[in-house]
Amino acid sequence: MQKRLFTLFLLLALLVPALAACGGEAAPTAPPQTGGGGQAQPTQGGATEEKLKIGLVTDVGRLNDKSFNESSWNGVLRARDELGAQVDAIETQDPNDYAKNIDEFATQGYDIIVTVGFALGEATIEAAKKYPDIKFIGVDQFQEEEIPNLAGLIFEEDKAGYLAGALAAYMTKTGKIGAVLGTDVVPPVWRFGEGYRVGALATKPDVEISLVYHSDVGLDKAFTDPEWGKLQANSMMDKDVDVIFGAGGITGNGALLAVAERKDTGVMAIGVDTDQYYTVTEAQSVLLSSAIKRLDEGVFDLIKAVQDGTFKGGNFVGKVGLAPFHEFEDDVPEDVKQKLTELEQKLLSGEVKTNVSPVKP
Amino acid sequence: MTKRREIADGMKTRIAPLLASVQARLGPLAGMLRPILVPFLAVVSALMIGAIVIAISGRNPLLAYAGLIDGSWGSGRAIAGTLVRMTPYVFGGLAVALAFRAGLFNIGGEGQLLLGTLAGAWVGYQLALPAVIHLPLALLAGVLAGFIWGGIPGFLKSRTGAHEVITTIMLNYLAIGLAGWLLNDNRLMKDPSPTNVIARTPLIAESAHLPALIPGQDAYPSASAAPEIVHWGVVLAVLATIAASFFLWRTVWGFEVRTVGANPSAGRYAGINVPRVITLIMGVSGALAGLGGAIQVTAVNYRAILGFNVGYGFDAIAIALLGKNNPFGVLLAALLFASLRSGSTRMQSLSGVNADIIAVIQALILIFVAADQLVRWLYRIRARGLEERTTLTRGWGR
């Protein structure tokens with residue numbers, strides 16, 4: 001046993017210098033692969049034998065962050081399962097590496113590169129211009145000018161907010177609902193908040209709405225202030241508000257937690273972005289639903305569009321909706337569920353409009 | 001216990017003669033290589049254990065390390081990326097090492113570097129000057145900001161005895177808060193263009209750009225640029241290393257610093273103004289970190305952005321430790337850390353190994369360097385003389 005362990009060590013000790021030697025050789029072997037991919041691309045045309053190669057670059061953070069990165073990655077994984085694509089991911093460790101990480105996939109002959117998050121927007125635009133043959137998908141990156149090989153996956157948060165507002169208005173017993181939001185300087189937050197207001201009023205014109213934005217502080221604080229979120233939610237609940245929509249990163253999560261602390265009084269909370277039943281587990285017992293952006297579906301649809309040859313540059317509007325009711329499945333009346341489903345259809349088709357301006361006027 | 005002994009004995013019987021023969025063959029060179037023997041073995045051991053960790057997680061360690069090497073040294077661009085990555089590490093590492101030499105533990109490299117980026121960026125975008133003045137002024141602003149941010153704990157230490165570990169850590173938080181405040185308000189330093197929601201300054205003027213080493217190469221980078229073009233900052237880093245070495249061993253000030261580091265009481269008896277040395281060396285230490293920050297702004301990012309260039313000041317402590325507080329050791333250690341970081345992209349894409357393994361390897365290197373007795377015992381190396389024993393800090397207080 002000891003002998004074997006020692007041999008292992010020795011073997012590894014020998015491997016390290018050997019590796020240094022292969023480094024030189026690995027360099028020549030890698031490019032031919034790239035060259036192979038590169039050659040296949042132009043001649044590909046109708047030949048569909050080539051596997052679609054998809055690379056995803058995260059923002060600084062984890063692939064399994066239960067939020068943006070993970071949702072987008074799920075869309076890529078679906079492309080692996082359903083379209084037989086080869087998928088890989090790079091987790092960004094340092095913001096200085098955004099462009100480098102995108103380049104890594106670009107130079108290795110990948111067909112599609114997905115970049116996740118607003119912060120990678122500029123690096124993605126640059127890369128798209130540099131590599132016109134590669135298709136880029138920028139999650140949450142609004143495109144001001146159209147680049148043919150870059151699609152920004154954006155969302156109409158006002159519609160998700162509208163649905164959340166309608167749900168809150170249907171479910172409130174006191175006739176008072178609230179929302180605790182990040183700063184309205186950030187357009188998606190503004191759209192969530194105003195959509196919520198409009199949706200609630202359209203459902204129940206006499207509903208009383210308390211809605212607060214955390215606009216009094218800097219951007220770094222607006223989304224990372226759970227104490228403020230808690231304070232706001234508590235003061236709302238003191239005034240008989242019984243459904244609270246928390247939207248604004250950890251600040252919004254603070255509101256959800258505050259509601260969870262008073263679960264005995266029958267208050268409910270609505271989460272945001274992803275199904276927060278899985279991300280704020282402490283609030284499971286009060287979480288009515290979440291106003292979600294279907295990132296995974298949007299990413300998958302765009303990948304599929306590349307395969308089908310229908311991919312277009314510019315902005316691609318992803319779907320929004322409500323997450324499952326989970327523990328409130330039996331509490332939400334059937335007719336409300338029915339109405340919400342109809343409303344979702346009408347919102348997505350454009351039959352019902354929210355009339356919320358995209359950014360704060 | 002017996003197991004371990006047997007392994008160790010195995011090491012002794014097999015590796016020691018190997019080392020001896022290498023030493024014999026290299027002759028005089030061996031004497032020069034001796035100081036880097038322990039750090040080198042620490043790195044080797046860390047890589048071996050890292051390989052085991054990768055294997056346990058079900059990935060191929062060979063592929064991972066091949067990716068690491070290819071990604072950092074496999075092509076011209078890769079090498080450029082590694083060198084650019086190395087630059088802030090060198091400045092941060094030198095900052096920590098110089099303070100160490102005076103017996104001071106500067107944990108504030110992070111804040112000093114951050115202040116350097118802010119000052120460099122401010123001069124870069126606020127002023128309009130010809131390049132010959134503008135660029136040096138931007139770098140000087142970084143130096144000055146770092147000098148002040150490092151000098152404060154030095155002053156407090158020498159006047160009141162406030163321990164520099166505490167004060168530098170506190171000043172890190174102050175620097176982060178200050179940056180958040182300045183970069184989030186467009187009446188202060190935030191880029192006021194209407195579409196901008198990111199906490200960052202406007203772009204600096206072109207006259208404040210630190211040019212690429214090979215002229216004409218800097219056409220590509222912009223705000224989010226790939227730092228893969230070797231700029232003059234790399235040369236400055238090497239020059240700073242030489243200067244730091246010269247300072248420590250060829251100047252009176254360097255002698256004073258080392259004397260204070262070795263024994264402040266003896267220094268005092270010898271007529272050295274110990275409080276002044278402590279204040280100044282902390283200032284110089286901060287200035288180096290600040291210069292590193294200003295170089296990041298003028299050569300890589302072209303603006304200060306909240307959340308960018310974060311963590312370099314902390315890595316710098318590890319780099320100084322690995323480099324045994326010798327400027328050239330710091331240079332080598334910075335190169336190693338930069339290689340690990342810059343190769344991690346290729347490693348991830350090639351082998352699917354999570355980039356966290358880099359942090360694991362770095363931590364292991366640190367354990368082996370800090371507890372160098374472990375390495376000596378493992379590989380049966382005897383310490384020769386006092387010179388080779390590392391004393392990191394003498395303890396608390398003055």
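Since this is a predicted model, take the numbers as computed values, not measurements. (Residues numbered from 1 in each chain as written. Chains lettered and ligands numbered in written order. Predicted model: local features only at pLDDT ≥ 70, side-chain atom pairs only at ≥ 80, totals over all residues.)

### Observations concerning the overall build of chain B
Summing up its helical and strand segments, chain B has 15 helices and 0 strands in all. Per-residue burial for chain B yields a buried fraction of 53% across its 398 residues. Residue pairs in contact within chain B that sit at least 24 positions apart in sequence constitute 76% of those at least 6 positions apart. (Helix = DSSP H or I, 4+ residues; strand = E, 2+ residues; numbered from the N terminus. Buried ≥ 20, exposed ≤ 12 C-beta atoms within 10 Å, placed from the backbone. Contact = placed C-beta atoms within 7 Å.)

### Here we look at the overall build of chain A
A tally of regular secondary structure across chain A gives 11 helices and 12 strands. Expressed as a percentage of its 361 residues, the buried residues of chain A come to 49%.

### What about the domain arrangement of chain B?
Residues and elements named next belong to chain B. In terms of domains, chain B is made up of domain 1 (1-57 + 354-387) and domain 2 (80-349). Each side of the interface is counted separately: domain 1 has 11 residues, and domain 2 has 10 residues. Of all elements in the fold, only helix H2 (28-56) and helix H14 (356-370) reach the threshold of two or more residues within the side of domain 1 that touches domain 2. The leading source of residues in the side of domain 1 that touches domain 2 is H14, at 7 residues. Of the residues belonging to the side of domain 1 that touches domain 2, the class tally is 10 nonpolar, 1 polar and no charged. (Domains from an automatic or database assignment. Nonpolar A, V, L, I, M, F, W, Y, C, P; charged D, E, K, R; others polar.)

### Topic: the sheet that holds strand E11 (residues 314-318) of chain A
Residue and element names in this part refer to chain A. Read across the open sheet, the 6 strands follow the order E2-E1-E3-E4-E5-E11; overall the sheet is parallel. The open sheet has two edge strands, strand E2 (86-90) and E11, and neither has a second partner. Adjacent strand axes in the sheet meet at a mean angle of 20°, parallel and antiparallel pairs treated alike. By the bridge criterion, 4 bridges tie strand E1 (residues 53-57) to strand E3 (residues 112-116) in an arrangement that is parallel. Paired with Ile 54 across the strands is Ile 112, a residue of E3. On the sheet, helix H4 (residues 121-130) packs against E3, strand E4 (135-139) and strand E5 (150-155) and is oriented at approximately 170° with respect to E4. (Pairing = 2+ DSSP bridges. Axes fitted to C-alpha atoms, helices over the stretch in contact; angles between N-to-C directions.)

### Remarks on the pairing of E1 of chain A
On any regular strand, side chains alternate: one points to one face of the sheet, the next to the other face. Residues and elements named next belong to chain A. Burial analysis of E1 places 4 of its 5 residues in the buried class, which makes it a mostly covered element. Examined bridge by bridge, E1 and E2 share 5 bridges and lie parallel to one another. The partner of Lys 53 across the bridge, within E2, is Gln 86. Remark: the E1/helix H2 (residues 68-83)/E2 crossover connection has right-handed handedness. (Right-handed = clockwise from strand over helix to strand, strands pointing away.)

### A few points about unusual backbone geometry
When glycine is set aside, most residues are seen to have a negative phi, and most peptide bonds are trans. In the Ramachandran plot, Asp 140 of chain A falls in the positive-phi region, its phi being about 65° despite a non-glycine side chain. Relative to the helices and strands, Asp 140 of chain A resides in the loop between E4 and E5. Under the C-beta neighbour-count criterion, Asp 140 of chain A is labelled buried, with 23 such atoms within 10 Å. In this structure, Lys 324 of chain B takes a positive phi of about 55° despite not being glycine. With respect to the secondary-structure elements, Lys 324 of chain B resides in the loop between helix H12 (312-322) and helix H13 (327-351). For Lys 324 of chain B, a count of 21 C-beta atoms within 10 Å puts it in the buried group.

### Notes on the nonpolar core
General note: in soluble globular proteins, nonpolar side chains tend to be found buried as a group. Counting 118 residues, the largest nonpolar core has Val 90, Leu 94, Ile 281, Leu 288, Ile 319 and Ala 334 of chain B as the members making the most contacts within it. Looking at which element gives the most residues to this core, the answer is helix H11 (residues 274-301) of chain B, with 15 residues. Residue contributions to this core reach at least three from each of two domains, namely domain 1 (1-57 + 354-387) and domain 2 (80-349) of chain B. Among the nonpolar cores identified, the runner-up in size contains 96 residues, and Val 57, Phe 245, Phe 325 and Leu 347 of chain A belong to it. (Core = buried A, V, L, I, M, F, W, Y, C linked by C-beta atoms within 7 Å.)

### What to know about the sheet that holds strand E7 (residues 208-213) of chain A
Residue and element names in this part refer to chain A. Strand order in this open sheet of 6 strands is E7-E6-E8-E9-E10-E12, and the pairing throughout is mixed. Looking along the sheet, the strands with just one partner apiece sit at the ends: E7 and strand E12 (320-322). Each strand of the sheet is rotated relative to its neighbour by a mean of 15°, with strand direction disregarded. Lying on the sheet, helix H8 (residues 226-238) is in contact with strand E6 (176-181), E7 and strand E8 (243-247); it crosses E6 at an angle near 170°.

### Observations regarding the packing of H12 of chain B against H14 of chain B
Residues and elements named next belong to chain B. Where H12 contacts H14, the axes come no closer than 10 Å and their chain directions differ by 40°. Judged by the inter-axis angle, H12 sits oblique to H14. Read as a crossing pair, H12 and H14 show a hand that is left-handed. Residue-level contacts link Ala 318, Leu 321 and Leu 322 of H12 to Gln 362, Ile 365, Leu 366, Val 369 and Ala 370 of H14. Class assignment for the residues of the contact of H12 with H14 results in 7 nonpolar, 1 polar and no charged. (Parallel < 35°, antiparallel > 145°, perpendicular 65-115°, else oblique. Left-handed = near helix turned anticlockwise from the far one by under 90°.)

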